[in-house]
Structure formats: structure tokens, C-alpha cells
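# Tertiary structure, described
Chain by chain, the residues:
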Amino acid sequence: MKFSKLLVWVTIYSIGMAFIESAVVVYLREIYYPDGFSFPLMPIEGNVALTEILREAATMIMLISIGFLAGRNGLERFSWFIFSFATWDIFYYVFLKLLLDWPESLLTWDILFLIPVTWVGPVIAPVLLSFVMVLFALIIFHFTYRMEEVKVGKLNWSLLIIGSLIIIISFTIDYTRYILSYFSLKEAISLKNNQELYDISMKYVPVKFDWWIFWIGFVVILIALFLFAKKQFKKLNL
């Protein structure tokens, strides 16, 4: 299949997944937040909470799968994964705005992920990351469809991993600070405290998003993208 057609179909697939994801949120908020979503979280029954976590894992499996199906090699598979993930994430918020008129603004707090702990942040943060992911994927596609061999060097991979870990810290540090104000780290991961930990987590209200941590990780990722593109343009003598 030609790249242009593949790009269209992967985009359509990702947008379709985004609508399904937003539809699930509509159902959950109708059940648990009929007066509008706000922190602290409403207690969710064990089976529903487990199903929600497994749904998130299934979503990742589906996005990874589309990468494997669309890509011709490891780098392209990674690129299609981040492209579909980012497209899904952007349109997830687009559909929530259309269906629920939420978020109120790009600075509205949202729960981003639940594995292995709660990730929170203003909506604009994951949206910015998604646009960078789309850009990175398109740059990789630009070169892989023009050159026989394209590699992301060890330095670039290191910067990408480091930048991603720093950003993950920015999304999880506020929740982690909250939990550690009640428990020691050992207690927090102890099975005997699971119910108590759950009860405390249901009272969590985001206080502060550490933008400086986020921007450090964001800039590190941009540096990795710039170095990769510069190297490939040099190979093409551009």
C-alpha cells in the first residue's frame, strides 16, 4: 500500500479509536459524575475499576498492533505507533469537547493514565506531547520512504528515553507526593495497605503541576528530534 493511503487509513483508525475512548468516558461520567467531572474522584466499584485499567492496557495493545501492521521494520513500527497514539490522544479531547463541552480550557486538570499509578496534568500538556509525537513520526516517515536505511542513534534513543521519563515524573509527582504524605514508600506498595491506600487515593485533589519538570523533558525530546533530523538531512546532502 502506498504511504499516502496508509497514512489516511491509520489516521482514520486512530480517530475512530478516539471516539470509542471518548464514548466510554461519556458513559462513566454519566454514571459517576452526572453533575460534571471534578476532583476528588468518586469511588468506583472493584470490577469497574479493574475493567477500566484493563481497558487502558487493551488500548495500548491496539495502538502497538497498528504499528506492527503498518510498519515495514522496527523504526517504522515505532513511528506508526507514536503517530496513532498521538492522533488518538488529540481527537480524544476533540470529541470530549464536542460531546461534553469538556475540558473547560486547556489548563483543566485531567486523569491521563492509571498504570502503575495515577497520572494527572493540565490537558494542554499531553496535547503538546501528541503534536511533537506526530511531528517526530512524520519526520521519520519522510526519511524512511526516501532512504534505504534510517537509524535512530544511541544518543537520540537515550535522549528520548530520558526526556520521556522526566515527563512521566511531571505527570505522577503530585499524586506521589500526596500518597507519601500518608504512607511511607514501603507502606504504599505493601499489599496489606491496599484498601487504605485506595480510600486515601479517592480523596486526592491535584494541587500543583510542576511545569519546570515537564519543560525539561519536553526540551530534551525536542533536542533528540532535532539531532535525528539534522543527521538524516546531512545524509541526503540537504
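Bear in mind the structure is a predicted one, so any value in this text is a computation, not a measurement.

The next thing to look at is a nonpolar patch on the surface. On the surface, Phe19, Val94, Leu98, Leu99 and Leu100 cluster together into a nonpolar patch covering about 430 Å² of accessible area. Of the residues examined, Leu98 reaches a relative accessible area of 65% and is grouped as exposed.

This brings us to unusual backbone geometry. Residue Pro103 is bonded to the preceding Trp102 through a cis peptide linkage, with omega at 5°. Mapped onto the secondary structure, Pro103 falls in the loop between helix H3 (74–100) and strand S1 (109–113). Even without being glycine, Asp101 reaches a positive phi, approximately 55°.

Our focus in this paragraph is the pairing of S1. As defined by bridge partners, S1 adjoins strand S2 (residues 119–122) across four bridges and the pair is classed as antiparallel. Within S2, the position partnered with Ile111 by the bridge is Val120. What sits between the antiparallel neighbours S1 and S2 is a turn of five residues.

Let us now look at the side chain of Thr59. On the secondary structure map, Thr59 appears in helix H2 (residues 46–70). Relative accessible area serves as the criterion here: at 6%, Thr59 is assigned to the buried category. Aside from chain neighbours lying at most four places away, what touches Thr59 is Met17, Glu21 and Trp88.

To continue, consider the packing of helix H5 (residues 154–180) against helix H8 (residues 211–235). H8 packs onto H5 with a crossing angle of 160° between their chain directions and a minimal axis gap of 8 Å. In terms of orientation, H5 and H8 fall into the roughly antiparallel class. Note on packing geometry: the crossing formed by H5 with H8 is left-handed. Across from Leu155, Asn156, Leu159, Leu160, Gly163, Ser164, Ile166, Ile167, Ile169, Ser170, Phe171 and Ile173 in H5, the residues of H8 making contact are Ile213, Phe214, Ile216, Gly217, Phe218, Val220, Ile221, Ile223, Ala224, Leu227 and Phe228. Along the lines of polarity and charge, the residues of the contact of H5 with H8 split into 18 nonpolar, five polar and no charged.

The next subject is the pattern of salt bridges. Across all of its chains, the model carries seven salt bridges by this definition. With a closest N to O distance of 2.6 Å, Arg55 and Glu21 form a salt bridge. With Arg55 in helix H2 and Glu21 in helix H1 (residues 3–32), the pair connects residues that are 34 residues apart, well separated along the chain. Judged on exposure class, the residue Arg55 and its partner Glu21 are both buried. The partner of Arg177 in a salt bridge is Asp210, with the nearest N and O atoms 2.9 Å apart. On the criterion of sequence distance, the pair formed by Arg177 in helix H5 and Asp210 in the loop between helix H7 (194–201) and H8 is long-range, its members being 33 residues apart. When salt bridges that share partners are traced, they join Asp174, Arg177, Lys208 and Asp210 into one network.

What counts as what
- Residues numbered from 1 in each chain as written.
- Predicted model: local features only at pLDDT ≥ 70, side-chain atom pairs only at ≥ 80, totals over all residues.
- Heavy atoms only, no water.
- Patch = residues over 30% accessible without salt bridge, like charges linked within 9 Å, V, L, I, M, F, W, Y side chains within 5 Å.
- Areas by Shrake-Rupley, 256 points an atom, 1.4 Å probe, with all protein chains shown as cover.
- Salt bridge = Lys/Arg side-chain N within 4 Å of Asp/Glu carboxyl O.
- Buried < 20%, exposed > 50% of the residue type's maximum accessible area, 1.4 Å probe, protein only.
- Helix = DSSP H or I, 4+ residues; strand = E, 2+ residues; numbered from the N terminus.
- Pairing = 2+ DSSP bridges.
- Contact = heavy atoms within 4.5 Å.
- Axes fitted to C-alpha atoms, helices over the stretch in contact; angles between N-to-C directions.
- Parallel < 35°, antiparallel > 145°, perpendicular 65-115°, else oblique.
- Left-handed = near helix turned anticlockwise from the far one by under 90°.
- Nonpolar A, V, L, I, M, F, W, Y, C, P; charged D, E, K, R; others polar.

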